[in-house]
Amino acid sequence: MNLPLPGTRPGRVAAWVLAPLLALTACGPGTGDGTAAAGAPASAAPSQDPVAAVREVDSVAALLPAEVREAGTLRIGSAIGSPPGAYYPDGPDKAPAGQDIDLADAVAKVLGLKVERQDASFETILPALGSGKYDVGTGNFGVTAERLRTIDFVTYINDGQGFAVREGDTALGTRVTRLTQLCGLTIGTGAGTTFEATLTAQRDVCAEEGRKPYEVKVYSENAATLTALQQGRIDVIMSTINGLRHQAAQPASRTTFLGEYHRLDVGFAFKKGSPLTRAFRAAVDHLIDDGTYARILAKWGTTASAIDASRINPPEHTPES
C-alpha cells in the first residue's frame, strides 16, 4: 500500500531533497521522511535494535525448501517509501530503516538466511514475484481479494486505508467514513495501490447521488503527493493509516489525519504457490511469541496494528469486519 521512493530513478533523490516538507521522525505512526532544515539529512531512525538478538530457529528453518536453505540467501524486492514502514533516514545512498525492514530482517535471521534486498518501485514488485526475480516482496502490501488471485501472503500487521488534509482544512470534518464525502474533490494517491483500486472501483458513487464526481491523481512518490496537497493541487490524500498518522504527528508536514476508512491485513508477498509461506508464517509467529515482534512495533510506533498470529492468505476484510 505504501507509496515508494523507487530505488533506481532520479526521483528518489528528488524526494529526499523534498524531505523538509515531510518533516517526519521515525518514532510514531505515519507517512513520509524529513528534517527541519532544507537539504539536511532525513531524521535519524530510533536507536534501539530489537533484531540484533534474533537467532536462527532450527525447527522453523527446517520448513524452508532445500534449495533455499542451500543457497542461504533471501531475495527481497523492497519498496522503500516512508516511515514507519521503510525509508532512508540517512539519505538514499545509505541503508534503509523502518518497521518492514526490521521485520523482514528478523524473519530472515530466524530462518538462517542472509538478506539480499533490492529496491523496487511499489507497482513493479508483485508482477516480478511471478517471474522469480524476488523470493518475497515487502512494501506494506494489503491483502485484497484481487491480489489473492495471483499472490500468496503471510500476514505480519493490520494497517489499512485512511485520509489526510491540509492542516486547518475542516471541509471534511474529522473523519471520512464514506467516499461520497469526497464528491467534487481531487484525491491524491499512489500508483498500483489499494487506494487507487478502491477509488477507481467506486468512482460512480457520486454520480449515483447526482453529485459531481471526485477526481483521482496518482503519484509515484510520497513527497510528490504531499507537495501537491500543500500547493492546493489536490484536496485530500488517501494512503496508509499508520503512514498518515505518523505524518500528521510531525508539525512541519502541516497535515491532519481524518481517521481510519478501511482496515486491511498486510503481509509479505510471494508468487502463487510459493513453498516459502509456511516457513515465513512460523517465523513471524516465533517473533510474536518471543517478544521481538512487539519490540519492533514499539520502536516504530505501530503497536496498535499488532496481530496475535500470522496467517496465510486470509480473506480480505470487508468494511463491516
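For the structure, check the block above.
Attention here is on the structure that accompanies the text. Keep in mind that this is a model prediction, so the values were computed, not measured.

Another aspect to go through is the overall build of the protein chain. Helix and strand counts for the protein chain come out as 13 helices and eight strands. In the protein chain, buried positions account for 55% of the 321 residues. Excluding contacts between residues fewer than 6 apart, the proportion of contacts in the protein chain whose partners are at least 24 apart in sequence is 77%.

In this section: helix α11 (residues 241-248). Of all eight residues in α11, six are buried, a share of seventy percent or more. Taken together, the buried positions of α11 are I241, N242, G243, L244, H246 and Q247.

A few words on helix α13 (residues 292-300). Listed as buried for α13 are T292, Y293, I296, L297, K299 and W300. Looking straight down α13, one finds that the buried residues subtend no more than 155 degrees of arc, so they occupy a single side. Elements that come into contact with the buried residues of α13 comprise α5 (99-110), β4 (151-166) and α12 (277-290). Looking at the residues trailing α13, positive phi occurs at G301, about 75 degrees.

Turning our attention to the packing of aromatic side chains. Tallied over the full model, the rule gives six aromatic pairs. Considering the side-chain rings of F268 and F280, the 5.3 Å spacing of their centres and the 70 degrees angle between planes classify their relative orientation as edge-to-face. Here the residue F268 occupies a position in strand β8 (residues 255-271), and F280 occupies one in helix α12, the gap between them amounting to 12 residues. Here the two residues F268 and F280 agree in accessibility, since each one is buried. Here F270 and F280 contribute two aromatic rings whose centre-to-centre distance is 4.9 Å and whose plane-to-plane angle is 80 degrees, an arrangement assigned as edge-to-face. Taken as a pair, F270 in strand β8 and F280 in helix α12 lie far apart in primary sequence, 10 residues in all. Across the pair, exposure class does not vary: F270 and F280 are buried alike.

Rules of the game
- Residues numbered from 1 in each chain as written.
- Predicted model: local features only at pLDDT ≥ 70, side-chain atom pairs only at ≥ 80, totals over all residues.
- Heavy atoms only, no water.
- Helix = DSSP H or I, 4+ residues; strand = E, 2+ residues; numbered from the N terminus.
- Buried < 20%, exposed > 50% of the residue type's maximum accessible area, 1.4 Å probe, protein only.
- Contact = heavy atoms within 4.5 Å.
- Arc of directions from axis to C-beta.
- Phe/Tyr/Trp six-rings, centres within 6.5 Å; stacked < 30°, edge-to-face > 60°.

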